[in-house]
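Observations on chain architecture
Spelled out from the first residue to the last, the chains are:
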Amino acid sequence: MFETFDHTADLGLRVTAGDLEELFAEAARGLTSLVVDDLETLRLDRTTEFRIEGDDLDLLLVDLLGELLFRFETTGFLGRDFTTVRTTGGWMSRLAGRRSQARTTGWLARSRRSPTMA
């Protein structure tokens, strides 16, 4: 589960989950929710996979979210369904979503800001 809240750095994202795989997947869903108003209306017409390497869980989460932002900014890909699996030396992520050429309507679009991760 995720929720957003006002924060001095513009907006915060609080994520809770039963295990690490679910935590990473919910954080990814939370990030996408900042781009679109209703995550559930995002159609699924393509999938993609990528691997993130490292041992530090905090940095791996930041890297995951950074990769998602990179893919959105460079290709327009928005994920809705996320599967993350911890592997030796990192994480493997599989995303189902769509490439969007339309104007986004979520918080990021309304605020015209680029998210930063601290």
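As shown above, the structure is provided for reference.
The paragraphs below set out a description of the structure included in this document. None of the values given here were measured: they were computed from a predicted structure.

**Comments concerning the sheet that holds strand β3 (residues 46-53)**
Strand order in the open sheet made by the three strands is β3-β5-β4, with antiparallel pairing throughout. The sheet is open, and its two edges are formed by β3 and β4 (77-87), each paired on a single side. With strand direction ignored, the average angle separating the axes of adjacent strands in the sheet is 20°. In this structure, β3 lies alongside strand β5 (residues 90-99), joined through eight bridges in antiparallel fashion. Bridge pairing in β5 places E53 opposite G90.

**Looking at helix α2 (residues 57-75)**
Its 19 residues give α2 an end-to-end C-alpha distance of 27 Å, which sits within 8% of 27 Å, the value for a rise of 1.5 Å per residue. L60, L64, L65, L68, L69 and R71 are the residues of α2 that are buried. Structurally, α2 contributes buried residues whose contacts are with α1 (20-33), β3, β4 and β5. N-capping of α2 is provided by D56, with a side-chain oxygen placed 2.9 Å from the backbone N of D58. G76 occupies a position one or two residues after α2 and carries a positive phi of about 80°.

**Things to note about empty space enclosed by the protein**
Scanning the model with the defined rule gives one cavity of 30 Å³ or more in all. Space inside the largest cavity adds up to approximately 110 Å³. Along its surface, the largest cavity is lined by 13 residues, and L31, T32, L68, F72 and L78 are the ones closest to its centre. The set of elements that each furnish at least two residues to the lining of the largest cavity consists of α1, α2 and β4. Split into classes, the residues belonging to the lining of the largest cavity amount to 10 nonpolar, two polar and one charged.

**Quick look at the environment of T4**
Looking at the secondary structure, you find T4 in strand β1 (residues 2-7). On the basis of relative accessibility, which here comes to 38%, the residue T4 falls in the partly exposed class. Spatially, the C-alpha atoms of T4 and V15 are 8.8 Å apart, while their sequence positions differ by 11 residues. With near-sequence residues (within four places) excluded, T4 lies in contact with L11, G12, L13 and L34.

**Let's talk about the nonpolar core**
In this structure, L31, F50, L64, L68, F82 and L95 are the most contacted members of the largest nonpolar core, which totals 17 residues. Within the residue set of this core, elements represented by two or more residues are α1, β3, α2, β4 and β5. Other than its neighbours up to four places away in sequence, L31 contacts L13, L65, L68 and L69.

**Some points on the pairing of β5**
Sheet analysis places β4 next to β5, joined by 10 bridges and oriented antiparallel. For G79, the partnering residue across the bridge sits in β5 and is G97. If you look at the hairpin formed by β4 and β5, you'll find two residues sitting between the two strands, and G89 has a positive phi there, around 85°.

Analysis parameters
- Residues numbered from 1 in each chain as written.
- Predicted model: local features only at pLDDT ≥ 70, side-chain atom pairs only at ≥ 80, totals over all residues.
- Heavy atoms only, no water.
- Pairing = 2+ DSSP bridges.
- Helix = DSSP H or I, 4+ residues; strand = E, 2+ residues; numbered from the N terminus.
- Axes fitted to C-alpha atoms, helices over the stretch in contact; angles between N-to-C directions.
- Expected span 1.5 Å × (residues − 1).
- Buried < 20%, exposed > 50% of the residue type's maximum accessible area, 1.4 Å probe, protein only.
- Contact = heavy atoms within 4.5 Å.
- Polar contact = N/O pair within 3.5 Å; in protein donor to acceptor, adjacent residues only side chain to side chain.
- 1 Å grid on protein atoms, 1.4 Å probe; cavity = no way out; pocket = protein on both sides within 12 Å on 5 of 7 lines; lining within 4 Å.
- Points joined across faces, edges and corners; volume = space filled by probe spheres on them.
- Nonpolar A, V, L, I, M, F, W, Y, C, P; charged D, E, K, R; others polar.
- Core = buried A, V, L, I, M, F, W, Y, C linked by side-chain atoms within 4.5 Å.

Function cannot be read off these values alone, since they describe shape.
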